[in-house]
Amino acid sequence: MQYKKIKDILNGQLTGNIITCAGWVRTRRDSKAGFSFIELNDGSCLKNLQIITDSQTEYNKNSIKDITTGSAVWVTGMCEKSPGQGQACEIKAQKIFLLGSAGSDYPLQKKNHTLEFLREITHLRTRTNTFSSIARIRNLLAFEIHQYFQNKGFLYLQTPIITASDCEGAGAMFRVSSLPFGSDYSVQNDFFGQEAFLTVSGQLEAETWACALGQVYTFGPAFRAENSNTPRHLAEFWMLEPEMAFYELEDNMNLAEDLVKTLCRAVLAGAPDEIAFFTERYDKTLFESLNKISMPFCRISYTEAINILEKADENFEFKPGWGTELHTEHEKYLTAHTAGPVIVFDFPASVKPFYMRCSEDGKTVRAMDVLLPRIGEIIGGSQREERLEILLARMQECGINTEHYRWYTDLRRYGTVPHSGFGLGFERLVQFITGMQNIRDVIPFPRHPGRAGF
RNA sequence: UCCCCGAUAGCUCAGCUGGUAGAGCAAAUGGCUGUUAACCAUUGGGUCGUAGGUUCGAGUCCUACUCGGGGAGCCA
């Protein structure tokens, strides 16, 4: 079926033509003399298209009364300038075909619904302004991510989702097994002949490609079995992980900062209606904070950050001190203090995983976290330890079986190079860019403790 | 996993110190010469999250559980 997108119709270029469009009815208003107004949305843009029907309009079955909220229709009619307020053009319907009706039990009413309620109807919330806007922004961001790295000559790499690495340095993992539930489990009888898990990160695998192809990036799902119940955590989420040979920590930070700025700019340019919508409805400061992102990110070492926190006139629940983790309250203080994004680098080795490069001071590693206002940590990365002896010593320190990671340490045995990379939580980026407060609202089908269905 | 808050009509909520339920919106019907979360009128709609307990009597008090929200931990 040939039909025009509402986005293109509202651009006004089709005015004066007889066209066909298709979509879902948001609402209908009737008036006497056979006049009715249908608000039609097809997901191509935030705005609805107004369809006017009168006594001349033909229907494939029944009548205007059956064109209810939620119904799917296709409409043929004349695209005209609208005499009414609120829209430049509208369709004077000649024919309306009801493709699929929606009864009075259709859950989405023409009123505001709470996000909590919409989470319970994950399969239908896509029909709302909020969730269709999120979908368009996710799409735009994913496309821009590929374009950004392709323009820089990075290779798009697919790392495995099933992994045997039982210790990638991040959180609890989901086990993968083909054996029936409740059977006497033995690894020998299982599908892979060894324990297998869903990946928590493609980083280690990405390093093998970076150390052959130069600069690569992965963009795919990651899984964490942590029992985390917060508006910032998911059990299944999407992660972008660039990995670059010949990059040191400063190059890594430059890339991360430029990437975040480029993506924010792209959304401001590519989805202005959506950003205006989110600013109006969810966070009045959103537009302003996205614009402010073009200013240089504040960069401070972990040691400086601790100094700032120790001097702060703030009653922290966790006392800041050199060698301790930065807690949420500390991150919030730092981003509020500088009124923008902050990159913290050179963390104590004791709070970071084995693969990060040890500094000359013998105490810190070349790690960096990008912290955003409202969101907290959006990027975590580091320069990787490329010196074999130091890496092996660190692995032993962390209690990691070096034999299981022979393939990883081989990269240091043969033609080792300085290299760096980071991981960006895609949903946290979408949260930052939309102003949505709960991460469960920025992924199509959220998975978290106690929920894997619709 | 820990702390706090919540669960009453399809949705959002009210329901006081215990006396068996109410509003707005939605829906259905009717009215209204172009509306724009249209408007006006009428009607229908509820084992008050689940299971126990206290009481003559529980939406209301107590306990446990389930689910949801906020904060924390862990992290992207």
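Along each chain, numbering runs from 1 in the same order as the chain's sequence is written. Whichever chain is written first is A, and whichever ligand is written first is 1; the rest continue in order. Given that this is a predicted model, residues contribute local features only at a pLDDT of at least 70 and side-chain atom pairs are listed and counted only at 80 or more, while totals for whole chains, interfaces and linings are drawn from all residues. As a rule here, side-chain values come from all non-hydrogen atoms in the structure, and water together with hydrogens is ignored.

*Asks:* So what's going on with the overall build of chain A? Which residues, and what values?
*Replies:* When helices and strands are tallied, chain A shows 12 helices and 17 strands. Principal axes of the C-alpha set define a box for chain A whose edges measure 85 × 60 × 45 Å. In this description, accessible areas are obtained by the Shrake-Rupley approach with a 1.4 Å probe, and a residue is regarded as covered only by the protein chains that are shown. Total accessible area on chain A stands at roughly 21900 Å², and carbon and sulfur atoms take up 52% of it. Here chain A holds 48 positive side-chain charges and 55 negative ones, and the gap between their average locations is 8 Å. Strands are runs of DSSP state E lasting at least 2 residues, helices are runs of H or I lasting at least 4, and numbering of each runs from the N terminus. Just so you know, the count uses Lys and Arg for positive and Asp and Glu for negative, and it drops His and the chain ends. For charged residues, the charge sits on one atom: NZ in Lys, CZ in Arg, CG in Asp, CD in Glu.

*Asks:* An account of the pattern of salt bridges is needed here, citing residue identities and associated values.
*Replies:* Throughout this description, the term salt bridge denotes a Lys or Arg side-chain nitrogen within 4 Å of a carboxyl oxygen of Asp or Glu. In the structure shown here, the tally under the stated rule is 26 salt bridges. In this structure, the salt-bridge partner of E207 is R384, at a minimum N-O distance of 4.0 Å. Of this pair, E207 sits in helix α4 (residues 203–213) while R384 sits in strand β16 (residues 376–384); the two residues are 177 residues apart in sequence, bridging distant segments of the chain. Burial here depends on accessible area, computed with a 1.4 Å probe over protein chains only, as a share of the maximum for the residue type. Under 20% is buried, over 50% is exposed, and the range in between is partly exposed. Residue classification places E207 among the buried residues on the basis of a relative accessible area of 0%. Residue R384 is classed as buried on the basis of its relative accessible area of 2%. Close ionic contact of R357 with E360 constitutes a salt bridge, the shortest N to O distance being 3.9 Å. Overlapping salt bridges bring together E207, E243, R384 and R412 as one network.

*Asks:* Explain the side chain of T76 residue by residue, including any values.
*Replies:* Relative to the elements of secondary structure, T76 occurs in strand β5 (residues 72–81). We define a polar contact as two N or O atoms separated by no more than 3.5 Å, with the added condition that, inside protein, one atom must be a possible hydrogen donor and the other a possible acceptor, whereas residues neighbouring each other in sequence contribute only through side-chain atom pairs. In terms of polar contacts, T76 uses its side chain to reach the side chain of T20, at 2.9 Å. Setting aside residues no more than four positions away along its own chain, T76 makes contact with I18, I19, T20, K92, A93, Q94 and K95. Contacts are assigned to residue pairs that have any heavy atoms within 4.5 Å of one another.

*Asks:* Tell me about the sheet that holds strand β12 (residues 236–245), and please be specific about residues and values.
*Replies:* Sheet architecture is open: eight strands sit in the order β7-β11-β12-β17-β16-β15-β14-β13, paired in mixed fashion. Strand pairing shows two members of the sheet lacking a second neighbour, β7 (155–157) and β13 (298–301), which therefore form its edges. Each adjacent strand pair in this sheet contributes to an overall mean axis angle of 20 degrees, direction not counted. Where strand β15 (residues 364–372) and β16 come together, six bridges link them in antiparallel fashion. Looking at β16, one finds that D369 is bridged to G380. For two strands to count as paired, DSSP must find a minimum of two bridges between them. Axis geometry follows a simple rule: fit a line to the C-alpha atoms, using only the stretch in contact for helices, then measure angles between N-to-C directions, giving values from 0 to 180 degrees.

*Asks:* Summarise the nonpolar core; cite the residues concerned and give the values.
*Replies:* By convention a nonpolar core is built from buried Ala, Val, Leu, Ile, Met, Phe, Trp, Tyr and Cys residues, the set being connected through side-chain atoms within 4.5 Å. Among the nonpolar cores identified, the biggest contains 63 residues, and L141, F149, M368, I379, L424 and I433 are the most heavily contacted of them. Here this core takes 10 residues from helix α5 (residues 249–270), the largest share from any one element. Those residues in contact with L424 that sit more than four places away from it in its chain are W238, M239, L240, L259, V260, I378, I379 and L429. Judged by nonpolar contacts, the second largest core, of 29 residues, contains L204, I306, M395 and I400.

*Asks:* Quick one: what's the story with helix α9 (residues 328–338), residue by residue and with numbers?
*Replies:* Of all the positions in α9, only H330, E331, Y333, L334 and T335 are classed as buried. A339 lies just past α9 and shows a positive phi near 55 degrees.

*Asks:* So, the confidence of the model for chain A: which residues are in play, and what are the values?
*Replies:* The predicted model of chain A has a mean per-residue pLDDT of 92, with 98% of residues at 70 or higher. This complex was scored by the predictor with a pTM of 0.94 and an ipTM of 0.91. Scored between 0 and 100, pLDDT is the confidence that the predictor attaches to each residue.

*Asks:* Can you tell me about the domain arrangement of chain A, naming the residues and giving the values?
*Replies:* Split by domain assignment, chain A resolves into domain 1 (6–100) and domain 2 (125–441). Here the C-alpha centroids of domain 1 and domain 2 sit 45 Å apart. Counting residues at the interface gives eight residues for domain 1, matched by eight residues for domain 2. A quick way to say it: buried area is the sum, across both parts, of accessible area lost when two parts are put together, with a 1.4 Å probe. With both chains or domains summed, domain 1 and domain 2 bury close to 670 Å², and 42% of this area falls on carbon and sulfur atoms. Of all residues in domain 1, the largest losses of buried area upon contact with domain 2 belong to W24, R26 and L46, amounting jointly to 70% of the total for that side. Applying the counting rule to domain 1 against domain 2 returns one salt bridge. Where domain 1 touches domain 2, the interface holds four residue pairs in polar contact (both at pLDDT 80 or more). For the side of domain 1 that touches domain 2, the residue count by class is three nonpolar, three polar and two charged. An automatic or database domain assignment is the source of the domain bounds shown. As a working rule, the residues Ala, Val, Leu, Ile, Met, Phe, Trp, Tyr, Cys and Pro are called nonpolar, Asp, Glu, Lys and Arg charged, and the rest polar, with Gly in that last group.

*Asks:* How would you explain the protein's contact with RNA strand B if you had to name every residue and give the values?
*Replies:* The rule for a residue being near a molecule or strand is that one of its heavy atoms must lie within 4 Å of it. If you check the shell around RNA strand B, you find 52 residues, and the closest are Q85, R119, N227, T230 and R428. N229 places a side-chain nitrogen or oxygen 3.3 Å from a base oxygen of RNA strand B. A distance of 3.1 Å separates a phosphate oxygen of RNA strand B from a polar atom in the side chain of R440. Sorting the residues of the surface near RNA strand B by element identifies β1 (18–30), β2 (36–41), β6 (89–100), α2 (115–119), β12, α9 and β16 as the ones contributing at least two each. For the surface near RNA strand B, the element with the most residues is β16, which contributes four residues.

*Asks:* Quick rundown of the sheet that holds strand β8 (residues 162–163)? Include the residues and the values.
*Replies:* Strand order in this open sheet of three strands is β8-β10-β9, and the pairing throughout is antiparallel. Each end of this open sheet is capped by a strand with a single partner; those strands are β8 and β9 (175–176). Looking at chain direction, β9 and strand β10 (residues 196–198) are connected through two bridges and run antiparallel. When the sheet's bridge partners are listed, R175 is paired in β10 with F197.

*Asks:* So what about a nonpolar patch on the surface? Which residues, and what values?
*Replies:* A cluster of nonpolar side chains, namely I161, I162, F191 and F192, defines an oily patch on the protein surface of about 400 Å² accessible area. Tracing the chain through its elements places F192 in the loop between β9 and β10. A patch is a set of surface residues, each over 30% in relative accessible area and not in a salt bridge, joined within 9 Å for like charges and within 5 Å for the nonpolar side chains Val, Leu, Ile, Met, Phe, Trp and Tyr.

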